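Each chain, letter by letter, is given below.
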Amino acid sequence: MTKIVFFGNERLVSGLEKTSAPILCGLIERGYDIAAVVSHYTFGKSRNNRELEVAEIAKTYGIPLFTPSKPAEIAQELNELHADIAVLVAYGRIVSQEIIDMFPKGIINIHPSLLPRYRGPTPIEATILNGDDRAGVSIIQLTAGMDEGPIYSQKSLNISGTETKFELYKKIEETVTPLFFEVFPKIIDGTLKPEPQNNNEASYCKLIQKSDSRVDWNKSALEIEREIRTFLGWPQSKTNLGKTEIIITKAHVVSGDLPIGKAVRQDRNTLLVGTSKDLLSIDALKPLGKQEMPISAFLAGYQDRLDI
């Protein structure tokens, strides 16, 4: 039986509250020998109190769990496992060639984009921010270069352009899971060979920062609306309405013109804010420390704190 090391936490987007870890669970259900799970906590100290799903699965099945800050710290332990192959899903750490070479059949990486487009840490987010009409997944052979490895298989999917980060993640997860288990046996037995990427067509996505959470009303309404869908969960889209700091959770674009950053209450159910192009109509929001609410409830409950 093929012996596998699993790298990652299967949280393909930042701020994801929970994953069912379909790749790790699927490997276990299909009888593969999981020699170890290697993961880490991605989202800061506050997240460390919540157990990773892959960690819970490892404990349930008695699989050794490692959470080093970098793989080199457990190089000896990995080498002593004598695993045939590794599978990597949302690991978020650089894996050196020394570690890759420990696996005779290499490390297989799931990347949620149509490589070589959107190499880097945030391909799902980049798909939304750029207003793409399709997304996709790639199953590649990991190399030391960032997402540069040859491709075993890819699949694209059409998207509406209105998906939130979490909705797009779910569509990608539902696409890649059956694709992976279709091609993985062929990778193991060597009947499927990877094809090199065209580096001349490569593009890269940037790491999203906490500082990106502040809404910049100098951008267009379309750009801001995309950011709201992209930044849900983390880092969120924050601004002030009068004396109240809020997180915008849903909005849409309306034609019109107002001074940049100016908020106007059109009626009891409509709040419009001026941008560099068009208006942003806020549909739902969260006052800081409060629950999400529709704009109508906010306008009714916070009227005395709004300078509009």
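As a reminder, the structure under discussion sits directly above these lines.
Draft legend 1. The packing of aromatic side chains, seen in detail. Scanning the entire structure with this criterion turns up 6 aromatic pairs. Considering the side-chain rings of Tyr32 and Phe184, the 5.4 Å spacing of their centres and the 70° angle between planes classify their relative orientation as edge-to-face. Here Tyr32, found in the loop between α1 (22-29) and β2 (33-38), pairs with Phe184, found in helix α6 (residues 165-189); they are 152 residues apart in sequence, far enough to count as distant. Under the relative-accessibility criterion, Tyr32 is labelled buried at 16%. Phe184 sits in the buried class, given a relative accessible area of 0%. On the numbers, 5.0 Å between centres and 85° between planes, the contact of Phe180 with Phe181 is edge-to-face.

Draft legend 2. Region of interest: the packing of α1 against α6. The interhelical angle for the contact between α1 and α6, taken along N-to-C directions, is 35°, at an axis separation of 10 Å. When you trace α1 past α6, the crossing you get is right-handed. Contacts from Pro22, Ile23, Gly26 and Leu27 of α1 reach α6 at Glu173, Thr177, Phe180, Phe181 and Phe184.

Draft legend 3. Region of the structure containing helix α7 (residues 221-230). Across the 10 residues of α7, 8 count as buried, placing the element largely inside the fold. Among the residues of α7, those classed as buried are Ala221, Ile224, Glu225, Arg226, Glu227, Ile228, Arg229 and Thr230. The inward-facing, buried residues of α7 contact α5 (123-129), α6, β9 (244-254) and β12 (279-287).

Thresholds applied
- Residues numbered from 1 in each chain as written.
- Predicted model: local features only at pLDDT ≥ 70, side-chain atom pairs only at ≥ 80, totals over all residues.
- Heavy atoms only, no water.
- Phe/Tyr/Trp six-rings, centres within 6.5 Å; stacked < 30°, edge-to-face > 60°.
- Helix = DSSP H or I, 4+ residues; strand = E, 2+ residues; numbered from the N terminus.
- Buried < 20%, exposed > 50% of the residue type's maximum accessible area, 1.4 Å probe, protein only.
- Axes fitted to C-alpha atoms, helices over the stretch in contact; angles between N-to-C directions.
- Left-handed = near helix turned anticlockwise from the far one by under 90°.
- Contact = heavy atoms within 4.5 Å.

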